[in-house]
Every structure is written in structure tokens, then in C-alpha cells.
Amino acid sequence: MLMTEKETIQICLFEVPEKDQAVIQRVVSFAASQGKPYALQPALEHADIIITLDEVELPSNTALHIRIGDTDLPCDIVLARPLLVTRVMRAIDDAVQLLKSHQATFSVETMISTPEAVIPSPLPEPVQAIIFQEPQEYTYTALVVDDSAAIRKQLELELRTANIKAEFAETGEEALEKSANKTYDMIFLDVIMPGIDGYEVCRKMRSSKSMKKTPIIMLSGKTSPLDEVQGVLAGASTYLTKPVQPEQFQQTLKRVSKWLTNFSR
């Protein structure tokens, strides 16, 4: 999706208690010292990322929204209390990656007509109809297992482009529970997660008779051949390194979809 031409990611603290503001201020100050392009911005209309409370109504502007507190209300990322510096840093990094992952989604016409746009919330009607309109029927359903909100959102968009519905799990334990209760056409499985790792999850999935042939695509930031071999030994069908490259991901989807069409039934 579009990024502004400014050099900073501007963060607006919207009705956030002083204690929480102090933590976020520390994160932004530390990030700035590390060369990360973060800046606090009090004006809502100029913010790229807004951090707000779960009980507060989202302001109607074009920023990406991070909510503080467990909530079912619509938002891009939920930041649970207590607000730890490391947790806030990861949430903001996820938000930045989410902005970047959307960068190429819009058409040239949209880029020309809205040069200052970031992730709209809600999206303008024409863009919403092009990008986020749900198809009447998906070709396949995938389970995406990753504890990063940015990666989950990126893969959701890539899968939707291929007419594949995405469902999600944030831990290996949750993935095993979901796959035991529902049949998925393919699994995208992160290696490093809280709790049991992706290799163990893959082994447990392969031990199920119903998942012997299910394509399992391992995702990892590690690039050594040993890691790839370990994934294959665990039962992975193929292996993709993170950050996921859209072209490579779509090529993998085509191979997996072709195999499902020709051999899985």
C-alpha cells in the first residue's frame, strides 16, 4: 500500500493514559537512537500510525491503527497490557512492516489520485471494492501459523490475490487444535513461535492420517541449508525464507495449487 514521501513513520497517541504514553515515548526515543524512522505526531490528520485505547472510538483518518488492550473491535494490531518496551517495539515494527507490505497493492491510478495516502481505515470505496471484496467462493483454504501480525496480514493479502481463504493461528498449539477440527488445503507454518516450534508442529501434523498429503510450507528467517533440511525431515513440503517475497510466494502458490488440483483428490 502507499507510503507517504516523508522520511518518518509518524505515531499519534490518541487518548492514551500518561503511564502508557511514557512507555511508548521511551520506545520511540530508543528507536530514533537506533536510526529507525519513528516520530511522535500530535495531529491526527498527519499520523501514519495511531495508538489508541480499546474503549475509544477510532478517529476517521487514513492511519494504521494499533489498539491498546484486548478487544474485538476493528483494528490493525492489538497491543495487550501490560505495556512492556519490547512488546511496544515489536507492535510498532509490525505496523511499519504492515505498511510496507501493502505498498504495491494499489493501482497506478490510485497512486496518482492519492499521493499522500497510507493504509486507509476504512478504505475508500473504489479501493475496497478492488482489493478487499470477498469472492463468492474461494478455491482453497489455508491455515497461516505465525505470531507476527504483519506476516499474517501480508500472507492474507497474497493468498486472497490467488483466491485462497486464509485462517490464522498465532502459536503451534493453536495450529494443532485448529487443524484437528478442520481440514485445510495447505498450511503456512512459521518455524520460531512461542511454545512448541514449527518443526514439532509439522511432525505432529504429519502423524495425523488426514494430513499425510497436506502441503505444509515452512516459513523462517533462517537461511542455512541445515534449517531447510530440518524442515524437510520434519515433513515440510517446501521452505520459504522471510521476509516473504511476493513473486516467490505466488510461484509457490501456483505449484501447490497445481498439485492440489491434479493429485490431492
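Bear in mind the structure is a predicted one, so any value in this text is a computation, not a measurement.

Participant: In this structure, what is going on with the sheet that holds strand β9 (residues 216-220)? I would like to understand it.
Facilitator: Within a sheet, adjacent strands bond to each other through the backbone by hydrogen bonds, running parallel or antiparallel. Pairing in this open sheet of five strands is parallel, and the strands run β7-β6-β8-β9-β10 from one edge to the other. Two strands lie at the open edges of the sheet, namely β7 (164-169) and β10 (238-241), each paired on one side alone. Averaged over all pairs of adjacent strands, the angle between their axes in this sheet comes to 20°, without regard to strand direction. Relative to β10, β9 runs parallel, the two sharing four bridges. Residue pairing for β10: Met218 is matched across the bridge by Tyr239.

Participant: I keep staring at the sheet that holds strand β5 (residues 77-79) and nothing clicks. Help me out?
Facilitator: Ordered by their spatial adjacency, five strands build an open sheet running β2-β1-β3-β4-β5, and the pairing between neighbours is parallel. On the outer flanks of this sheet lie β2 (38-40) and β5, each paired with one strand and no other. Between one strand and the next, the sheet's axes are offset by a mean angle of 25°, whatever the strand orientation. Sheet analysis places strand β1 (residues 9-14) next to β2, joined by three bridges and oriented parallel.

Participant: What's the story with the UniProt feature "modified residue: 4-aspartylphosphate" (unreviewed entry) in the chain in this structure? I'm lost.
Facilitator: As recorded in UniProt, the sites labelled "modified residue: 4-aspartylphosphate" (unreviewed entry) are Asp190. Mapping Asp190 onto the fold places it in strand β8 (residues 186-190). Excluding residues within four positions of it along the chain, Asp190 makes contact with Val145, Asp146, Asp147, Gly198, Leu219 and Lys242.

Participant: Sorry, what's going on with helix α7 (residues 198-206) here?
Facilitator: An α-helix turns once every 3.6 residues. As a result, residues three or four positions apart point the same way. For α7, the full list of buried residues reads Gly198, Tyr199, Val201, Cys202, Met205 and Arg206. Down the axis, α7 shows its buried residues gathered within 160° of arc, on one side only. Among the residues of α7, the N-terminal cap falls to Asp197, whose side-chain oxygen and the backbone nitrogen of Tyr199 are separated by 3.2 Å.

Participant: Looking at this model, I keep getting lost on the side chain of Asp54. Mind explaining?
Facilitator: Tracing the backbone through its elements, the reader meets Asp54 in the loop between β3 (49-53) and β4 (64-68). Note on Asp54: relative accessible area 18%, which makes it buried. When neighbours within four sequence positions are excluded, Asp54 is seen to be in contact with Arg67, Ile68, Gly69, Asp70, Thr71 and Leu73.

Participant: Help me understand the pattern of salt bridges, please; the structure alone is not making it clear to me.
Facilitator: In a structure, side chains of opposite charge can pair up when their charged atoms sit close to one another. Counted under the stated rule, the structure contains eleven salt bridges. Here Glu174 and Lys178 are joined by a salt bridge, their closest N and O atoms 3.7 Å apart. Separated by four residues within a single helix, Glu174 and Lys178 lie in helix α6 (residues 172-181), roughly one turn from each other. Residue Glu174 is classed as partly exposed on the basis of its relative accessible area, which comes to 29%. Each of Asp146, Asp190 and Lys242 takes part in one network of salt bridges that share partners.

Participant: Mind showing me how you'd approach the nonpolar core here?
Facilitator: One broad trend across soluble globular proteins is that nonpolar side chains are buried collectively. Grouped together as the largest cluster of nonpolar side chains are 34 residues, with contacts concentrated most on Ile51, Ile66 and Ile92. Secondary structure elements with two or more residues in this core: β1, α1 (18-33), β3, β4, β5 and α2 (85-101). The biggest single contributor to this core is α2, with eight residues. Counting residues in each nonpolar core, the second largest holds 19 residues, with Ala169, Ala175, Ile187 and Ala234 among its members.

About the thresholds
- Residues numbered from 1 in each chain as written.
- Predicted model: local features only at pLDDT ≥ 70, side-chain atom pairs only at ≥ 80, totals over all residues.
- Heavy atoms only, no water.
- Pairing = 2+ DSSP bridges.
- Helix = DSSP H or I, 4+ residues; strand = E, 2+ residues; numbered from the N terminus.
- Axes fitted to C-alpha atoms, helices over the stretch in contact; angles between N-to-C directions.
- UniProt positions renumbered as here; feature names shortened; annotations may be inferred.
- Contact = heavy atoms within 4.5 Å.
- Buried < 20%, exposed > 50% of the residue type's maximum accessible area, 1.4 Å probe, protein only.
- Arc of directions from axis to C-beta.
- Polar contact = N/O pair within 3.5 Å; in protein donor to acceptor, adjacent residues only side chain to side chain.
- Salt bridge = Lys/Arg side-chain N within 4 Å of Asp/Glu carboxyl O.
- Core = buried A, V, L, I, M, F, W, Y, C linked by side-chain atoms within 4.5 Å.

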